Structures are given as C-alpha cells and as structure tokens.
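Structural characterization, general
If you want the building blocks of each chain, they are given just below.
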Amino acid sequence: MKKIILFTAAIAALSLFASCSKEQTPKKTTKVTVDIKVNDPYVNSKAIKTGWNVGDKINIWFNDVPAGHYSYWKEAPHLVLTKTSDGWASSEVDESLLSATGTFNAIYESTNSWFTSAWDVLYAYAPDGTSFKLHEWAYNCVPRSLPTVCFKMTSAYSYDSGTKKISGTITGWKFMSELQVVVTGLEATPDRYALTFGDKVWLGAALFWDGSSFTVSSVGNCGGITSSNNWANGVSNPDGIAFNFYYTIDNDAHDYTIYLADKTAKKLYSFTKNTAIPTSYTSYHGVKVDISKFTDITASHPLD
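Description of the structure in this document. (Residues numbered from 1 in each chain as written. Predicted model: local features only at pLDDT ≥ 70, side-chain atom pairs only at ≥ 80, totals over all residues. Heavy atoms only, no water.)

Okay, the overall build of the chain next. What the chain contains, in helices and strands, is 1 helix and 21 strands. The buried share of the chain, taken over its 304 residues, is 47%. The contacts of the chain with a sequence gap of at least 6 include a subset with a gap of at least 24, amounting to 71%. Total accessible area on the chain stands at roughly 15000 Å², and carbon and sulfur atoms take up 54% of it. (Helix = DSSP H or I, 4+ residues; strand = E, 2+ residues; numbered from the N terminus. Buried < 20%, exposed > 50% of the residue type's maximum accessible area, 1.4 Å probe, protein only. Contact = heavy atoms within 4.5 Å. Areas by Shrake-Rupley, 256 points an atom, 1.4 Å probe, with all protein chains shown as cover.)

In structure tokens, the structure reads:
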C-alpha cells in the first residue's frame, strides 16, 4: 500500500509539473517584418529643425477608429517606428490588424512621449507650462508647451501574409505647428519662458479626430500682452529655446511684434520686425532671434 501511495503521489507531482510547464511556455507570436519608408517632412520648409534625429518616434494606427472610440489614441499605437543611426527600428505589430492592402495614420511629436500609452480623451492637448501674470491682468496666463507636431493620414500599405512583411511609405506630412520661433542666448530652461505675437499668428492647442481626419484645435489669434490665453511655452531646442505656433493669418509682409516673458526674472521683452512669415499646412517655417535684439519693457508692463 505504501508503494502504491508513493507512486500515486509521484504521478500527481509529474502531472502538476507538466501543467506548470505548459502554463509557463510563452505563446508563439507571428513576427512581422516592417518595411515602411519615412520621408523627411521638412524637405520643402524653411525650418530650424531639418531631418530626423535618433530617438524620434512615429506613432502608427491601422484602419478606422474602432466602434465606441472617439479618437485613435484611446488605444496605444499599433506600431511605433523609432529612428536609429542605421534607419528605423519597429515595435512588434499584431498581424490580426493587417489585411492584404490597407491604410494607416501616423503622428510625430518632438517630445516622443505623448503616445507611450493610451489617452482616453478626444483632444490631445499640448501640456501646460508654468503659469504667470502681468500686473495689469486679472487672471493668470497658462501657456501651452506645444512641441513640433506633424501627421499623415491614410498612408497606403500592403501586407504579404506568406513572407509576413508589411510595406509602405509615409510622405506628404502635414503640420500642427507650422511656425517655430527660436530665441538664442537664453538660459536653457524652457519652462522659464513664454512667447506670443502682437497679432496675425494663431496658437495651436491640440490634435483631435473630427470623424474623418486629424484636425488642429486652435486657441486663437495672438493678441499681444492684452490677451492672456495665447502664449506658447518654451520647449527644448538645440539652438536655444523654441516656441511653436499653429500658423500665420496671411503670407504678406507685416510688422510682427514678439513678446517674451521671463517668468523667473519677472521680465517682459519685445521685438518688432517687418517681414513675411509664410506658413501653410504642409510646410514648416523657422525664425531665429537672439535675446540681445529684444527690448526690455518690464517698466511699463511689470510681472507680478
């Protein structure tokens, strides 16, 4: 009887071991080879940033927005392309999302951090910067830290289920931020500064899905220091501190006045130049100004 009990226990132990081993065996996933070529969005632009940098990420969603969703980013990206020194590396992609032919939508934003997880929101708002207040204002200003953002709708792809390879090209990028002002000679602390225009320039706030395409949500036309809502917060840039805006109202030459707030030193500066700043949905225009060219107007417009 003792031998029978021991034998039964051994069988039970072997059975348990086999069950555990089966559960611990990782599921086999289909490895999809990704061959998606990425064109330079800045090729026809007067841009301060040119080309792609190592670490840049392109976030991709396949097919239409799922039923019950109001935006693509309610799901994490289906595929992420990351720029390397040799080209583009790809994350894994679920083969069940792919068909023989189809389309995908792509977004790039220069912080490379917006879509690392799902956003259960309709509007993908640029984050707020540190608020500040001019003495004559009744309310605080909360500037937007708008990165460089571009996107491409409905890029075509093909998928060979035999070779497990997806192929396509992303070209014809459109910009959420069509105008970038870089101020050189500033302390490299982007959140310390905010910038706005006297007029003729609109500030972007967010990307949203309007049911058929990505669309830019704008705060509105910059109104100089009398408008507390249309300031761009500083963001990092290799040449200085950058401030991104949606677009200019027209492409003719005007007297453009820029106002720069130093939130730490509680200083306000202005700079005016007659120039044309052409922007369009498919181009990106860069303006670079050194802080030495600005005039300190703090005495007449003090910061609290």
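More follows now that the structure is in view.
Spatially, 14-11-18-19-21 is the arrangement adopted by the 5 strands of the open sheet, whose pairing is antiparallel. Of all strands in the sheet, those with a lone pairing partner are strand 14 (232-233) and strand 21 (295-296), marking the two edges. (Pairing = 2+ DSSP bridges.)

With that settled, the discussion passes to the pairing of strand 7 (residues 149-160). Here 8 bridges tie strand 5 (residues 101-109) to strand 7, and the two strands are oriented antiparallel to one another. Opposite Tyr108, over in strand 7, you have Cys150 as the bridge partner. Bridging between strand 7 and strand 9 (residues 174-175) involves 2 bridges; their strand directions are antiparallel. Counterpart to Cys150 in the pairing with strand 9 is Phe175. As judged from the 4 bridges shared by strand 7 and strand 8 (residues 165-170), these two strands associate in the antiparallel manner. Considered in strand 8, the bridge of Ser158 is made with Ser167.

Before going further, it helps to spend a moment on the side chain of Lys263. Locating Lys263 in the fold gives a position in the loop between strand 18 (254-262) and strand 19 (267-275). Leave out the neighbours within four places in its chain, and Lys263 touches Gly129, Thr130, Ser131, Phe132, Pro143, Asp191, Arg192, Tyr193, Ala194, Asn233 and Leu303.

Going through the model one piece at a time under the given rule, you end up with 12 salt bridges. Here Arg144 and Asp128 are joined by a salt bridge, their closest N and O atoms 2.9 Å apart. Here Arg144, found in the loop between strand 6 (123-125) and strand 7, pairs with Asp128, found in the loop between strand 6 and strand 7; they are 16 residues apart in sequence, far enough to count as distant. Classification of Asp128 as partly exposed rests on a relative accessible area of 47%. Each of Asp35, Lys37 and Lys165 takes part in one network of salt bridges that share partners. (Salt bridge = Lys/Arg side-chain N within 4 Å of Asp/Glu carboxyl O.)

Turning next to the side chain of Arg144. Among the polar contacts listed, one links the side chain of Arg144 to the backbone oxygen of Ala126, at a separation of 2.9 Å. Within the structure, the side chain of Arg144 is placed 2.9 Å from the side chain of Asp128, a separation counted as a polar contact. Residues within four places of Arg144 in sequence aside, it is in contact with Tyr125, Ala126, Pro127, Asp128, Trp231, Ala232 and Asn233. (Polar contact = N/O pair within 3.5 Å; in protein donor to acceptor, adjacent residues only side chain to side chain.)

Bringing the sheet that holds strand 15 (residues 235-237) into the picture now. Sheet architecture is open: 4 strands sit in the order 15-16-10-20, paired in mixed fashion. Each edge of the sheet is formed by a strand with only one pairing partner; in this case those strands are strand 15 and strand 20 (285-290). Recorded for the sheet is a direction-independent mean angle of 35° between the axes of neighbouring strands. As paired elements, strand 15 and strand 16 (residues 240-245) share 3 bridges and run antiparallel to each other. Within the sheet, the bridge partner assigned to Val235 lies in strand 16 and is Ala242. (Axes fitted to C-alpha atoms, helices over the stretch in contact; angles between N-to-C directions.)

The next point concerns the environment of Gly168. With respect to the element layout, Gly168 can be found in strand 8. By relative accessible area, which is 14% here, Gly168 ends up buried. Along the backbone, Gly168 and Val38 are 130 residues apart, and their C-alpha atoms lie at a distance of 8.8 Å. If we skip the residues at most four places from it in the chain, Gly168 touches Asp35, Ile36, Lys37, Ala156 and Tyr157.

Attention now moves to a nonpolar patch on the surface. Side chains of Tyr70, Leu122, Tyr123 and Tyr125 sit close together on the surface and give an oily, nonpolar patch of about 330 Å² of accessible area. In this structure, Leu122 sits in the loop between strand 5 and strand 6. A relative accessible area of 32% places Leu122 in the partly exposed class. (Patch = residues over 30% accessible without salt bridge, like charges linked within 9 Å, V, L, I, M, F, W, Y side chains within 5 Å.)

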